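Structural overview
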Amino acid sequence: MSEEKKQQLSHPFYAEETETVLEKMQSTQEGLSSSEAQKRINEFGPNELDEGEKKSMIARFFEQFKDMMIIVLIFAAIISAVVSHEVVDSIIILAVVIINAVMGVLQESKAEQAIEALREMSTPNANVLRDNHVKSIKSTELVPGDIVMLEAGDVVPADLRLLEAASLKIEEAALTGESVPVEKEMVVIDEQDVGIGDRVNMAFSNSNVTYGRGRGVVVSTGMSTEVGKIAGMLAQADETETPLKNNLNQLGKFLTIAIIVIAAIMFVVGIAINGTSWDEMFLTSISLAVAAIPEGLPAIVTIILALGTQVMAKRNSVIRKLPAVETLGSTDIIASDKTGTLTLNQMTVEKLYVNNQQIGAKEEIPNDLMAVKVMNFANDTKFSQEGGLIGDPTETALVQFGLDKGFDVRQEVQKETRVAELPFDSDRKLMSTIHEQADGKYLVAVKGAPDVLLNRTNKVLLDDTVVPMTDKEKSDILANNTDMAQQALRVLGMAYKLVDAIPAEMESEIVENDLIFAGLVGMIDPERAEAAEAVRVAKEAGVRPIMITGDHKDTAEAIAVRLGIVDKGDDDAVLTGAQLNEMSDEEFAQKVSEYSVYARVSPEHKVRIVKAWQKEGKVVAMTGDGVNDAPALKQADIGIGMGITGTEVSKGASDMVLADDNFATIVVAVEEGRKVFSNIQKSVQYLLAANLGEVLTLFLATLFGWDTLLPIHLLWINLVTDTFPAIALGMEPAEKDLMSHKPRGRNSNLFSGGVLSSIIYQGILEGATVLFVYWSAIQWPVHSTYDAIHSDALTMAFATLGLMQLFHAFNVKSVHQSIFKVGPFRNRTFNWAILLSFALMMVIIIVPGLNDVFRVAHLDLYQWGIVLGASFAIIPIVEIVKFFQRKAMN
């Protein structure tokens, strides 16, 4: 479709008369001819959404190799094979890399389903006026200018400018977030830049007709519809880099530079000081590079994240993308959609005003109360075969309230049959039904807008007695109506009268006059019971909840106050979409921290809000369930979809899906995310301290002219002995004060919180201990020949490094806390991992044949005593350092 055609379909038709719209669409009230429709489908294309570009499984597989750490590992494997001819080492490294990539692809296999889900949402058929006859055609065959007929139960097939609306109500929650169906009106909207929810003369693709009937002219199809624009935004949204991905990339860059610098220094020193040949020194430098690279780290991080997804799945959080587990832990802002996420997306009666007093919906009331009877009689709700309620959400809420109070409208209308009615009309804002009574009289039940209804009443029912309506009574009713409205309740009035016969003319002036006022009812889409507590816990953890909704300002603010997101009377914390439109990006970026509630917003606003917080350096989680949430879900650092009420579109765009739609589950997920990051830090500290110890051992041994550790020793420790404890550290339970800290934020990294300093001093300690053991074995040998002495020293150094790592694993259970406080043995998986790694270490030293492969020798009890004593020494030394660190911090 040309840009000119796209602009034509994006015109603000809501601001023009229907005749002008028909003229611009080159159509008439009788619709198009079949030949003209065919011509236009060739011109505009079918009424469907673009499929979007899909990534193949192979493309996703190769994307896993973009991380700096993976690139460094592949480079080391190639160098190891080509230069030092260590083919086994290279195969082991490449196997680790491939396993890591496969696990990443498996976890992300459903990552790009959002556009496809949007396409599947389109309705299969539409009733259209063609050749002056109503025809049922596939919705994909609709073209601009077609006249579409709408009735209750239909899904709107394209964006329409309404030409006729008879009591027409359309539910647009998936697009706007507003839970109450919109009453459509045949008016011209003169304002500019009107939000979707306020375009009452329009009907939007994929919204649902809940009441009445209507017809309209198609003004936008396919990607030009409001849903299509969302699909376009979704396809263009950039994938945000997760904090963990950034951290691992930074770590990879840091290690790359460090390895090159240290290897180069070692190469020069070996040739200049020791006189070693350049080719031998080059191989030694490569060995150092292998020692410095934590080969198992990428796979271990992936495994820890995967284990985190399993834990979270048991707690109703389904992770679609692995890094999302950790990203949750760094969340600063939770930007939540109101409808269906913080609230139930179910209109519910909250208050009743009868007999001059407000009564809570949960209080006891008689089931024969006239107000309850009227709200149920003047009602078009239907019952499904399963007993569910079908109809307008406001009316179903009234029937449900009646059922809760013992008033079953199905039984009551059998006793008092409906014999006539005046349907709801948006002009008069009333609905009436007439019911035959046992005594031959007729009950007229009327419900509607309180201000309109009061003008039709002259009496009031007080304590089962009908009395004249005085000015004071009317004033009290209006005051209570205002009070309930200020609580963001949707208020309806109930009135009735008894007549001797059905009116000959069913006109409003006759039927809906001289009424007896029965009461007011206030309804709201209530907050979830657990949401307020979740908000409180989030705030305690330093996470700021933000409400973003397409609903009205007063409703949004009232729910936000009840949830504790804003304080009562804090109107400055609420911003509307219209006000946001008046702000430049720069002005909004300066003021974004002032607002906690956004009302009457469009999908574009949601993305803008998320981006503004991200510019502040905040990690943003966005929750949502509607089509309108999808672009913001994809833009956010972590998008959180709803598993039950959420559309497939929102789930497809999200990183995580809540299986129970429970806002409180997010807080649980944040805690799990923090635990996962903390455990990844422990694994990083554990592995890098060992690698630093290995590098220092090789570097200083080269200076001293010693031959301490071989590449096969380093690979065994890095990929086998260390791997199981490192994975088990990823399953450590959360530390008690985990949720009392502020979020670490976007700028923190894996070395934050004392991890870097711990790696440095513990790595130096490990290197020094290994060199001391090697030196002592040379100084006080058990054997007499050079080869035997060197073999013993090499074996003792290797065994000390391996066993010391196992003892050191207990130290890294907490960066600063004593292992006796965190509990050295409470993680059963960790205990078994230590035993397994210990057995693997012993096997290659003790079992004949294997010790020849690894070039190690048998040790006697004296030598094992030195090895075990030196290895265990790291625990008391680190405990002493931690003690003084805690003293300094306090």
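Conventions we followed
- Residues numbered from 1 in each chain as written.
- Predicted model: local features only at pLDDT ≥ 70, side-chain atom pairs only at ≥ 80, totals over all residues.
- Heavy atoms only, no water.
- UniProt positions renumbered as here; feature names shortened; annotations may be inferred.
- pLDDT = per-residue confidence, 0-100.
- Helix = DSSP H or I, 4+ residues; strand = E, 2+ residues; numbered from the N terminus.
- Contact = heavy atoms within 4.5 Å.
- Expected span 1.5 Å × (residues − 1).
- Buried < 20%, exposed > 50% of the residue type's maximum accessible area, 1.4 Å probe, protein only.
- Pairing = 2+ DSSP bridges.
- Salt bridge = Lys/Arg side-chain N within 4 Å of Asp/Glu carboxyl O.
- Axes fitted to C-alpha atoms, helices over the stretch in contact; angles between N-to-C directions.
- Parallel < 35°, antiparallel > 145°, perpendicular 65-115°, else oblique.
- Left-handed = near helix turned anticlockwise from the far one by under 90°.
- Phe/Tyr/Trp six-rings, centres within 6.5 Å; stacked < 30°, edge-to-face > 60°.
- Arc of directions from axis to C-beta.

With an unreviewed UniProt entry as reference, the protein is termed Potassium/sodium efflux P-type ATPase, fungal-type, source organism Candidatus Enterococcus ferrettii. Note on the protein: under the UniProt heading Subcellular location (unreviewed entry), the record states "Membrane".

When pLDDT is averaged along the protein, the result is 84; 89% of the residues meet or exceed 70. For the protein, helix α7 (residues 114-120) is the element with the lowest average pLDDT, namely 42, and strand β20 (residues 515-524) is the one with the highest, namely 96. Here residues 1-7 scores under 50 on pLDDT; set against residues more than four positions off or in separate chains, the count is seven contacts. This stretch, residues 110-123, has a pLDDT under 50; its non-local contacts, to residues over four places away or in other chains, come to 40 contacts.

Attention now goes to helix α12 (residues 297-314). When the terminal C-alpha atoms of α12 are compared, their 26 Å separation across 18 residues agrees well with the 26 Å that a helix rising 1.5 Å per residue should span. Among all positions of α12, only Leu297, Pro298, Ala299, Ile300, Val301, Thr302, Ile304, Leu305, Ala306, Gly308, Thr309 and Met312 are buried. Remark: asparagine 316 follows α12 within two positions and exhibits a positive phi of approximately 75 degrees.

Moving on, we come to unusual backbone geometry. The phi torsion at aspartate 131 lies on the positive side, around 55 degrees, for a residue other than glycine. Tracing the sequence through the fold places aspartate 131 in the loop between β1 (125-130) and β2 (133-138). By relative accessible area, aspartate 131 is classed as partly exposed at 33%. With a phi close to 75 degrees, asparagine 206 is a non-glycine residue in the positive phi region. By the secondary structure assignment, asparagine 206 is in the loop between β6 (202-203) and β7 (208-220).

Below, the discussion takes up the pairing of strand β25 (residues 638-642). Among the five residues of β25, five are classified as buried, and the element is accordingly described as predominantly covered. Side-chain alternation along β25 places Ile638, Ile640 and Met642 on one buried face and Gly639 and Gly641 on a second face that is also buried. Across three bridges, the pairing between β25 and strand β26 (residues 656-658) is parallel. If you follow isoleucine 640 over to β26, its bridge partner there is methionine 656.

Attention now goes to the pattern of salt bridges. Applying the stated criterion across every chain yields a total of 32 salt bridges. As a salt-bridge pair, lysine 415 and glutamate 412 come within 3.6 Å of each other at their nearest N and O atoms. One end of the pair is lysine 415 and the other is glutamate 412, both in helix α17 (residues 409-415) and three residues apart, which spans about a single turn. Its salt-bridge partner being glutamate 527, residue arginine 562 comes within 3.1 Å of it at the nearest N-O pair. You can see arginine 562 sitting in helix α22 (residues 553-563) and its partner glutamate 527 sitting in the loop between β20 and α21 (531-540), a full 35 residues away along the chain. Taking the relative accessible area as the measure of exposure, arginine 562 reaches 30% and is therefore partly exposed.

Moving on, we get to the packing of helix α28 (residues 663-704) against helix α31 (residues 755-779). Taken N-terminus to C-terminus, the directions of α28 and α31 make an angle of 40 degrees; their axes are 7 Å apart at the nearest point. Compared by their axis directions, α28 and α31 come out oblique. Considering only the axes of α28 and α31, their crossing is right-handed. In this structure, α28 contributes Gln681, Val684, Gln685, Leu688, Ala689, Ala690, Leu692, Gly693, Leu696, Thr697, Leu700 and Ala701 to the contact, and α31 contributes Val755, Ser758, Ile759, Ile760, Gln762, Gly763, Ile764, Glu766, Gly767, Val770 and Leu771.

Going through the model one piece at a time under the given rule, you end up with eleven aromatic pairs. Between phenylalanine 588 and tyrosine 598 the ring centres are 6.3 Å apart and the planes differ by 85 degrees, which places this aromatic pair in the edge-to-face class. With a gap of ten residues between them, phenylalanine 588 in helix α24 (residues 585-591) and tyrosine 598 in strand β23 (residues 597-599) connect regions that are remote in the sequence. For the pair phenylalanine 588 and tyrosine 598, one class covers both residues: buried. Seen in terms of ring centroids, tryptophan 706 and tyrosine 774 are 5.3 Å apart; in terms of plane orientation they differ by 35 degrees. Their pairing is tilted. You can see tryptophan 706 sitting in the loop between α28 and α29 (711-721) and its partner tyrosine 774 sitting in helix α31, a full 68 residues away along the chain. Overall, tryptophan 706 belongs to the partly exposed group, its relative accessible area being 29%. Members of the aromatic cluster, each reached through a chain of ring pairs, are Phe588, Tyr595 and Tyr598.

Now for helix α37 (residues 874-889). For α37, with 16 residues, the first-to-last C-alpha span of 22 Å sits near the 22 Å given by 1.5 Å per residue. Taken together, the buried positions of α37 are occupied by Ile874, Ile875, Val878, Glu879, Lys882 and Gln885. The buried residues of α37 all sit within an arc of 125 degrees when viewed along its axis, so they share a single face. Residues of α37 that are exposed and angled more than 90 degrees away from the buried face: Phe884, Lys887 and Ala888.

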